[in-house]
Amino acid sequence: MASVTGLTFLALCLPFLGAIIAPAAVRYLGHNAAWPLALFPALAFLHFAGFLPDVAAAHNAQGGFEWVPSLGLRFSWLLDGLSLTFALLITGIGTLIVLYAGGYLKGHEDQGRFFSFIFLFMGSMLGLVVSDSFLTLFVFWELTSITSFLLIGFDHQREAARRAALQALVVTGGGGLLLLAGLLLIWQITGAADMSGLLKTGGMLRESPLYLAALILVLGGAFTKSAQFPFHFWLPNAMEAPTPVSAYLHSATMVKAGVYLVMRLNPVMGDTTAWETILPVFGGMTLLVGTLLAIRQTDLKLKLAYTTVSSLGLLVLLTGFGSDYAVEAAALYLVAHSLFKGALFMVAGIVDHETGTRDITHLGGLRNAMPLTFAMALAAAFSMGGLPPAFGFLAKEEIYAALAQVFPWPILLAVVAIVGNALMFSIAFAVALKPFIGARVETPKHPHEAPPLLLLGPFVLAVLGLAAAMVSGFWHVYISSPMASAVGGKAMEISVSLAPHLGAPLALSALTVLIGAFIYWKLDRARFLMAMVLRGLGPGPDRGFDALISGLVRLSHAVSHFLQPGRLEIYVTVTFLCLAAMLLVPPVLHGELPVVPSWPDMQWHEAAIFLIAVIGLAAVVSARDRLTAIVSLGIQGFAVAVIFLLFGAPDLSFTQFMVETLSVVILALVMTRLRLSPADRRPPLQRLLHAALAIACGLGFGLLLLKATQAPFDLTLTAFFNHYSKLIAHGANVVNVIIVDFRGTDTLGEIAVVTITGLAILALIRIRAGGERKLAANNPDVEEVMEAERP
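Residues numbered from 1 in each chain as written. Predicted model: local features only at pLDDT ≥ 70, side-chain atom pairs only at ≥ 80, totals over all residues. Heavy atoms only, no water.

1. Thoughts on the overall build of the protein chain
Piece 1. Per the secondary structure count, the protein chain includes 34 helices and two strands.
Piece 2. Taken over the C-alpha trace, the protein chain has a radius of gyration of 36 Å; the compact-globule value for 791 residues is 28 Å, which it surpasses by more than 25%.
Piece 3. Considering only C-alpha atoms, the protein chain reaches an extent of 110 × 70 × 55 Å along its principal axes.
Piece 4. A total of 791 residues make up the protein chain; the buried ones form 47% of that total.
Piece 5. In the protein chain, of all internal contacts separated by at least 6 residues, the share reaching a separation of at least 24 is 78%. (Helix = DSSP H or I, 4+ residues; strand = E, 2+ residues; numbered from the N terminus. Rg over C-alpha atoms; globule rule 2.2 N^0.38 Å. Buried < 20%, exposed > 50% of the residue type's maximum accessible area, 1.4 Å probe, protein only. Contact = heavy atoms within 4.5 Å.)

See the structure below:
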């Protein structure tokens, strides 16, 4: 087990290792560096594939190590049917994406940086799906947001790319904060700090009165990450990233993180009215909104991006529906979508790379120039459209088997699914056929077949989409059934094959194809109608995001201007006002005022020292210029030092003498560079306010000290320092040992503060002197005035 744990940890680290090596590899090998770099995800894929027999036999794998044992936090991972399927998709498709990027970005000056980013993204997503502990899941969850920000904004010189990257980071990062709160709440409710422990709690979470709050927080994180309505707008804008990023983002990685989380929590949060209402409603809305917006687009990548939104909505709808058939359909469709969407995005990139355009209205007749690309696009479109012999056909059959019920709710969801799937059918064949059939259209670049690095990825995914359906029995044993079992929380066995479900499912499937074919036939008309509808609806959530960010910036400026007006006087006043409130309000409210002691009997010399301190205080308050106030403050400080000496604290007294001497000297030196004439221009009311504030702070500290001295004295620390000062620090002077050894870092901090203060004073003096010289150089008459003002 230890060796397996070590190898799994190494497999998780392989993408991050690739990120370190990538820039140097590209520097020496150019775009051919894609071949050795692809070994990193390929080796990880082979490692995780080795778990397939055990997971198929319901033997899940776990591992990890202690991180913060006192808090029960571990860096741990869990490999079951769900996480293993995701891990294989991430590393398998990731291998193809690395090769594809080598050809797509050939000659790009920042190809090494791109590979580093894509490997970091891959490692973050891989860590997310295999994480067992809540802590590691959240860390990797946020890492996917950060790394996707880097990838979407890869072409950072374009404003559109920067905006899209920032938008994705804000939306998904904000959802991550909701997820963090949800995970903490789940931890509080169940006591489980990891997924494996949570899955053993049964219905504890569903039965808690805090269930709805935890559900809303978790779904907030999942819906923002997986672009559910109304947070769908960031995903199409992410198409500003290079096509390899789009293909990876939409097929196997970040956008499916929210779906993964919903599927993972289905056994413990599902089977409730809230779960089976919220998920189908938002999933159905997302399905329809995504497909309708996709009809409007003419850019190949944008058409595919909006269908990804709709597919994510369909997965959420199925996961929330609650039946076994729906869970099985979700498991099948997730894998099918990963295969056909990755292939179609790569095909779109090839078309753009070889013709110079992605606009479907400016493409046509490419089948003779790009026959292999056309064949791969058609195979992927068959799967996306749900036609045999593709794996997408099996998923669509299971979807309609789940929704073919004679109850109002399933009927409504079935109508939504039919409309959404029909629209996706038309879009799939629009992407796969429109650029390739018909009359040849002139393009910016002369079209020809893509090089092997570009063709390998879509070829493998398109063939897999067909082969998985052909050998569905083998595929279900090792992939589909274990995944559905993990999502459903019980053993499930998927048996659907290319032989269709007779009856209602087959009829619904045929109806979907007919509607989809009709929409494809009238695609131009449908695009025009959707454009008219969108124009009538006005600005959508995308513009709303801009308005929100603009308003937030204006609000932050207003708040900052109010709280930080740039006047030191206000900062100091507010600080002391808060200090006085903290010292006086709690004891007054709770009636815990200390007992005022009687005036002690003092010797005449002790009373004289106190009198000197009071006289020094009066001199500070009544001083007419700054230098007199500084000297008077020193008198009071020296008087306090003598009091320490009289009460048997020579070390403290010596420290006080040194501090007061240095303070007076430093301040006096500073004052010689400034104007010493009276400068207190405060009105009487402001003086009264400041005096009251000073008295309140002094009174508060006095009451605090009285309260502290009247409390029972705790000798725990005294005994500790008396016992260990000589034993550990080898010092007999306990006070010195505390300051130098036990509080060594604190003392170092105090020294640092004094040093920084001295440097700041020196900087201010130089700025003052430099300003005077500059002013005198510009105006010779000013020199005489400054000389007259100096002491």
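Next, the rest of the story.
2. Side note on the pattern of salt bridges
Piece 1. Summed over the entire model, instances satisfying the criterion amount to twelve salt bridges.
Piece 2. Between R264 and D80 there is a salt bridge, with the nearest N and O atoms lying 2.6 Å from each other. You can see R264 sitting in helix α14 (residues 257-269) and its partner D80 sitting in the loop between β2 (73-79) and α5 (81-104), a full 184 residues away along the chain.
Piece 3. The exposure class of D80 is buried, given its relative accessible area of 5%.
Piece 4. A salt bridge links D546 to R543, with the shortest nitrogen-to-oxygen separation between them at 3.5 Å. (Salt bridge = Lys/Arg side-chain N within 4 Å of Asp/Glu carboxyl O.)

3. Here we look at helix α11 (residues 211-225)
Piece 1. With 15 residues, α11 ought to run about 21 Å at 1.5 Å a step, and its terminal C-alpha atoms sit 21 Å apart, in line with that.
Piece 2. Taken across its 15 residues, α11 has eleven buried, putting it largely inside the fold.
Piece 3. Backbone geometry just after α11 places A227 at a positive phi near 55°. (Expected span 1.5 Å × (residues − 1).)

4. Focus: the nonpolar core
Piece 1. Within the largest apolar cluster, 198 residues are counted, with the highest numbers of intra-cluster contacts made by F48, W234 and M269.
Piece 2. Counting residues per element, this core draws most heavily on helix α17 (residues 324-355), which supplies 20 residues.
Piece 3. Membership of the second largest hydrophobic core comes to six residues, among which are L584, A696, C697 and L703. (Core = buried A, V, L, I, M, F, W, Y, C linked by side-chain atoms within 4.5 Å.)

5. As for the packing of α5 against α17
Piece 1. It is the contact of α5 with α17, at a shortest axis distance of 12 Å, that shows an interaxial angle of 5°. The angle between α5 and α17 falls in the class roughly parallel. Packed against α5, whose contacting residues are T85, F86, L89, I93, L96, I97, Y100, G103 and Y104, the element α17 presents L334, V335, S338, F345, M346, G349, I350, D352 and H353 at the interface.
Piece 2. Here the residues of the contact of α5 with α17 sort into twelve nonpolar, five polar and one charged. (Axes fitted to C-alpha atoms, helices over the stretch in contact; angles between N-to-C directions. Parallel < 35°, antiparallel > 145°, perpendicular 65-115°, else oblique. Nonpolar A, V, L, I, M, F, W, Y, C, P; charged D, E, K, R; others polar.)

6. With respect to helix α22 (residues 472-488)
Piece 1. Between its first and last C-alpha, α22 extends only 20 Å over 17 residues, short of the 24 Å set by a 1.5 Å rise per residue.
Piece 2. Its maximal kink placed at Y478, α22 deviates by approximately 40°, while the proline P482 follows within four residues.
Piece 3. Buried-residue contacts for α22 involve α4 (52-56), α5, α14, α17, α19 (391-403) and α21 (452-470).
Piece 4. Looking one or two places after α22, you find G489, whose phi comes out positive at around 75°. (Bend = angle between axes of the 7 residues up to and from the residue.)

7. Here we look at the confidence of the model for the protein chain
Piece 1. Mean pLDDT for the protein chain: 87, with 95% of residues reaching 70 or above.
Piece 2. Note that pLDDT drops below 50 for residues 782-791; the model gives that stretch nine contacts with residues more than four away or on any other chain. (pLDDT = per-residue confidence, 0-100.)

8. Considering the environment of V289
Piece 1. Tracing the sequence through the fold places V289 in helix α15 (residues 275-296).
Piece 2. Here V289 falls in the partly exposed class, since its relative accessible area comes to 23%.
Piece 3. In the structure, V289 is positioned 272 residues away from L17 in sequence and 40 Å away in space, judged by C-alpha atoms.
Piece 4. Those residues in contact with V289 that lie beyond four places of it in its chain are F229 and H232.

9. A closer look at unusual backbone geometry
What is expected of a backbone is that most residues other than glycine have negative phi and most peptide bonds are trans.
Piece 1. P230 follows F229 through a cis peptide bond whose omega is 10°.
Piece 2. Mapped onto the fold, P230 is located in the loop between α11 and α12 (234-237).
Piece 3. The omega torsion of the bond from P388 to P389 falls at 5°, within 30 degrees of zero and hence cis.
Piece 4. Examined against the element boundaries, P389 turns out to sit in the loop between α18 (371-385) and α19.
Piece 5. Phi is positive for A227, close to 55°, though the residue is something other than glycine.
Piece 6. Mapped onto the fold, A227 is located in the loop between α11 and α12.
Piece 7. According to the relative accessible area criterion, A227 is buried, its value standing at 0%.

10. Observations concerning the packing of aromatic side chains
Piece 1. Applying the stated criterion to the full structure yields 24 aromatic pairs.
Piece 2. With centroids separated by 5.3 Å and ring planes inclined at 75°, the aromatic side chains of F114 and F154 adopt a geometry described as edge-to-face. With a gap of 40 residues between them, F114 in helix α6 (residues 111-130) and F154 in the loop between α7 (134-152) and α8 (159-190) connect regions that are remote in the sequence.
Piece 3. Note on F114: relative accessible area 0%, which makes it buried.
Piece 4. Both rings, one in F121 and one in Y248, keep their centres 6.0 Å apart while their planes meet at 85°; by these two values the pair is edge-to-face. Residue F121 is located in helix α6, and its partner Y248 is located in helix α13 (residues 243-251); the two are separated by 127 residues in the primary sequence.
Piece 5. Through a chain of ring-to-ring contacts, three or more aromatic side chains come together here, namely F9, F65, F75, W77 and F140.
Piece 6. Directly above the ring of Y520 sits K434, whose terminal nitrogen or CZ lies 5.1 Å from the centroid.
Piece 7. The positively charged end of K522 is found above the aromatic ring belonging to W521, 4.2 Å away from the centroid. (Phe/Tyr/Trp six-rings, centres within 6.5 Å; stacked < 30°, edge-to-face > 60°. Lys NZ or Arg CZ within 6 Å of the ring centre and 35° of its normal.)

11. A few points about a nonpolar patch on the surface
Piece 1. On the surface, a nonpolar cluster with roughly 540 Å² of combined accessible area is contributed by L552, L555, V559, F562 and L563.
Piece 2. Within the secondary structure, L555 is located in helix α25 (residues 541-563).
Piece 3. Residue class for L555 comes out exposed when judged on its relative accessible area of 52%. (Patch = residues over 30% accessible without salt bridge, like charges linked within 9 Å, V, L, I, M, F, W, Y side chains within 5 Å. Areas by Shrake-Rupley, 256 points an atom, 1.4 Å probe, with all protein chains shown as cover.)

12. Description of the packing of α7 against α8
The description of two packed helices rests on the angle between their axes and on the distance between the axes.
Piece 1. Closest axis-to-axis distance for the α7/α8 pair is 8 Å, and the angle between their directions is 175°. The orientation of α7 relative to α8 falls into the category roughly antiparallel.
Piece 2. Here the contact of α7 with α8 is built from residues that sort into 18 nonpolar, four polar and one charged.

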